[in-house]
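Descriptive analysis of the structure
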Amino acid sequence: MNRLKLLAAAFTLLTAFACSKKDTATPTTTTTTSTTTTTVAADVKPLACFTTTPSGIAEIGKTISMADCSNKAFSYQWDFGDGSAIVTERQPNHVYTTAGKYTIKLRIFSATKVYKDSATASITIGSRYISKIIITKLNFYTVSGDGWDKFEKGADTVGPDLYIAVGPSGKTATVTTAPVYDVTPSTLATSAIFDFKAAGIDYVLKNETTDFTIGDKDVPVSDIIGTITTNAGVASSSPLTVSTKDGKNTIQIFYEIK
């Protein structure tokens, strides 16, 4: 009987000891770390390129557009050479307010700005001056059928002494050319040429309606053969060809920017 009690007590002690070890054991934790790999593109050297419209020469106050043709550019810096602020747009516009010759410079950068490149273009800014006017078509006869300056129908011996007067529409002409004498249908193409530049006549074509008057230089009163009213200041190319409303008189206006 005593032996059984001893065995029971021993079993109880062993069980208690085992439970105590289990409760006090340090737990084990496993942590899994996930790694993400990011691929960064290699930084490359860009190549600067641009064009302007118009190019080479432009008028004061006209908008000049920049067209980017660069390769691998990430950021931009435009310097228009007139003291204005640096522009960081890709394709900006610019307006010059003072005549002169300017250098437009484009700087481009790679993504990290480690690499850069630049390109330049020169542009001359000025006003549009008449360089020459040619009469290409002329009405040699009055409404009564008579010839100007006693030029008779069918005759080809004497004709009008042509001149051209130019000025703002409806106002007194600002400039008047010297006359070209005795112009006839057969000599019109070679004689009715009025070279403003060679004669030292400076007339700026502004953005306004202008009268171009063709006259016969009679003494003491000149005859008006026809007046062409147009805004030559917005012409996109030289020469500009314009005619009177009846289509009987036509001139070509040549201009240059300086």
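For the structure, check the block above.
In this report, we go over the structure that sits alongside the text. (Residues numbered from 1 in each chain as written. Predicted model: local features only at pLDDT ≥ 70, side-chain atom pairs only at ≥ 80, totals over all residues. Heavy atoms only, no water.)

1. Some remarks on the nonpolar core
Ile135, Leu162 and Phe212 are the most contacted members of the largest nonpolar core, which totals 29 residues. Broken down by secondary-structure element, the contributors of at least two residues to this core are strand E8 (128-137), strand E9 (162-168), strand E12 (210-216), strand E13 (223-230) and strand E15 (250-257). Counting 16 residues, the second largest nonpolar core, distinct from the first, contains Ala48, Ala58, Tyr96 and Ile125. (Core = buried A, V, L, I, M, F, W, Y, C linked by side-chain atoms within 4.5 Å. Buried < 20%, exposed > 50% of the residue type's maximum accessible area, 1.4 Å probe, protein only. Helix = DSSP H or I, 4+ residues; strand = E, 2+ residues; numbered from the N terminus.)

2. What about the pattern of salt bridges?
All told, the structure shown has four salt bridges when counted by the stated rule. A salt bridge links Arg128 to Glu59, with the nearest nitrogen and oxygen atoms 2.2 Å apart. Of this pair, Arg128 sits in strand E8 while Glu59 sits in strand E2 (residues 57-59), and the two are 69 residues apart along the sequence. Between Asp68 and Arg90 there is a salt bridge, with its nearest N and O atoms 2.9 Å apart. Separated by 22 residues along the polypeptide, Asp68 in strand E3 (residues 63-68) and Arg90 in the loop between strand E4 (75-79) and strand E5 (93-95) bring together distant segments of the chain. (Salt bridge = Lys/Arg side-chain N within 4 Å of Asp/Glu carboxyl O.)

3. Overview of the side chain of Ser110
Among the structural elements, Ser110 can be located in the loop between strand E6 (100-109) and strand E7 (116-126). Ser110 sits in the buried class, given a relative accessible area of 1%. Discounting chain neighbours no more than four positions away, the residues touching Ser110 are Asp43, Val44, Pro46, Phe74 and Tyr115. (Contact = heavy atoms within 4.5 Å.)

4. Examining the packing of aromatic side chains
All told, the structure shown has three aromatic pairs when counted by the stated rule. Judged by centre distance (5.0 Å) and plane angle (80 degrees), the rings of Phe50 and Trp78 are edge-to-face. Placement of Phe50 in strand E1 (residues 50-53) and of Trp78 in strand E4 is noted, with a sequence separation of 28 residues between them. By relative accessible area, which is 0% here, Trp78 ends up buried. With centroids separated by 6.4 Å and ring planes inclined at 10 degrees, the aromatic side chains of Trp78 and Phe80 adopt a geometry described as stacked. Grouped by ring-pair contacts, the aromatic residues Phe50, Trp78 and Phe80 constitute a single cluster. Above the face of the Phe109 ring, Lys113 is positioned so that its terminal group lies 4.7 Å from the ring centre. Sitting over the face of the ring of Phe254, Lys132 holds its NZ or CZ atom 4.9 Å from the ring centroid. (Phe/Tyr/Trp six-rings, centres within 6.5 Å; stacked < 30°, edge-to-face > 60°. Lys NZ or Arg CZ within 6 Å of the ring centre and 35° of its normal.)

5. Points about the side chain of Ser75
Following the sequence through the fold, Ser75 ends up in strand E4. Look at Ser75 and you get buried, because its relative accessible area is 18%. Within the structure, Ser75 has its side chain in polar contact with the side chain of Lys113 (distance 3.3 Å). (Polar contact = N/O pair within 3.5 Å; in protein donor to acceptor, adjacent residues only side chain to side chain.)

Read these as layout, nothing more, since geometry by itself doesn't imply function.
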